[in-house]
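Per-entry structural report
Residues per chain, in single letters:
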Amino acid sequence: MATPKDITFETAISELETIVNQLESGDLELEKSLALFERGIELTRLSQGRLQEAEQKVQILMEKQGNLDLQPFFENVGQGE
């Protein structure tokens, strides 16, 4: 297993998808399920951290350009369709 510094966001999401599929199968022993669940929590936290870092970088870049009007993404979903 790679250390958190070595894992990209995309790799973490891919591994999470694999874990979810394994857990949903219901064919695992309790100990294996718990270990996978624990890894899933770790990957979720890592992914959230990576997303927060990306959001901060975007905000800094926009501030440098003088664009301070950030809009939450969910407000724009479905508009213009």
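Residues numbered from 1 in each chain as written. Predicted model: local features only at pLDDT ≥ 70, side-chain atom pairs only at ≥ 80, totals over all residues. Heavy atoms only, no water.

1. Remarks on the packing of helix 1 (residues 9-25) against helix 2 (residues 30-64)
Heads up, the condition is: Axes here refer to lines fitted to C-alpha atoms; in helices the fit is confined to the stretch in contact. Angles between the N-to-C directions go from 0 to 180 degrees. Here a helix means four or more residues in a row that DSSP labels H or I, a strand means two or more in a row labelled E, and each is numbered from the N terminus. For this classification, under 35 degrees means roughly parallel, over 145 means roughly antiparallel, 65 to 115 means roughly perpendicular, and everything else is oblique. In a left-handed crossing the near helix is turned counterclockwise from the far helix by less than a right angle, and in a right-handed crossing that turn is clockwise. We call two residues in contact whenever any of their non-hydrogen atoms come within 4.5 Å of each other. Amino acids are sorted into nonpolar (Ala, Val, Leu, Ile, Met, Phe, Trp, Tyr, Cys and Pro), charged (Asp, Glu, Lys and Arg) and polar (every other residue, Gly among them).
Contact geometry for helix 1 and helix 2: axes closest at 9 Å, N-to-C directions at 150°. The angle between the axes of helix 1 and helix 2 places the two elements in the roughly antiparallel class. Handedness of the crossing formed by helix 1 with helix 2: left-handed. Only Ser33, Leu36, Phe37, Arg39, Gly40, Leu43, Thr44, Leu46, Ser47, Arg50 and Leu51 of helix 2 make contact with helix 1, whose side of the interface consists of Phe9, Ala12, Ile13, Glu15, Leu16, Ile19, Gln22 and Leu23. Here the residues of the contact of helix 1 with helix 2 are counted per class, giving 11 nonpolar, 5 polar and 3 charged.

2. What about the confidence of the model for the protein chain?
Our working rule: The predictor attaches a confidence to each residue, and that confidence, scored 0 to 100, is pLDDT.
Mean pLDDT over the protein chain works out to 84, with 78% of the residues at or above the 70 mark. When pLDDT is averaged over each element of the protein chain, helix 1 comes out on top at 95 and helix 3 (residues 73-76) at the bottom at 58.

3. Description of the side chain of Ser47
Using the following cut-off: Partly exposed residues are those whose accessible area sits between 20% and 50% of the maximum for their type, while under 20% is buried and over 50% is exposed, using a 1.4 Å probe and protein chains only.
Structurally, Ser47 can be placed in helix 2. Owing to a relative accessible area of 5%, Ser47 belongs among the buried residues under this scheme. Every residue in contact with Ser47, bar those within four places of it in the chain, is listed here: Phe9, Ala12, Ile13 and Leu16.

4. Details of the nonpolar core
Selection rule: In plain words, nonpolar cores are sets of buried Ala, Val, Leu, Ile, Met, Phe, Trp, Tyr and Cys residues tied together by side-chain atoms within 4.5 Å.
Core analysis: the largest hydrophobic core is formed by 7 residues, namely Ile7, Ala12, Leu16, Ile19, Leu36, Leu43 and Leu46. Of all the secondary-structure elements, those providing two or more residues to this core are helix 1 and helix 2.

5. Considering the pattern of salt bridges
A side chain of one charge can pair with a side chain of the opposite charge when the charged atoms of the two come close. Put simply, the rule is: By definition, a salt bridge exists where a carboxyl oxygen of Asp or Glu is found within 4 Å of a side-chain nitrogen of Lys or Arg.
With the rule as written, the count across this model stands at 2 salt bridges. Where Arg39 meets Glu42, a salt bridge forms, and the shortest distance between an N and an O atom there is 2.9 Å. Here Glu42 and Arg39 lie together in helix 2, a separation of 3 residues that amounts to about one turn. Residue classification places Arg39 among the buried positions, given a relative accessible area of 7%. For Glu42, a relative accessible area of 38% corresponds to the partly exposed category.

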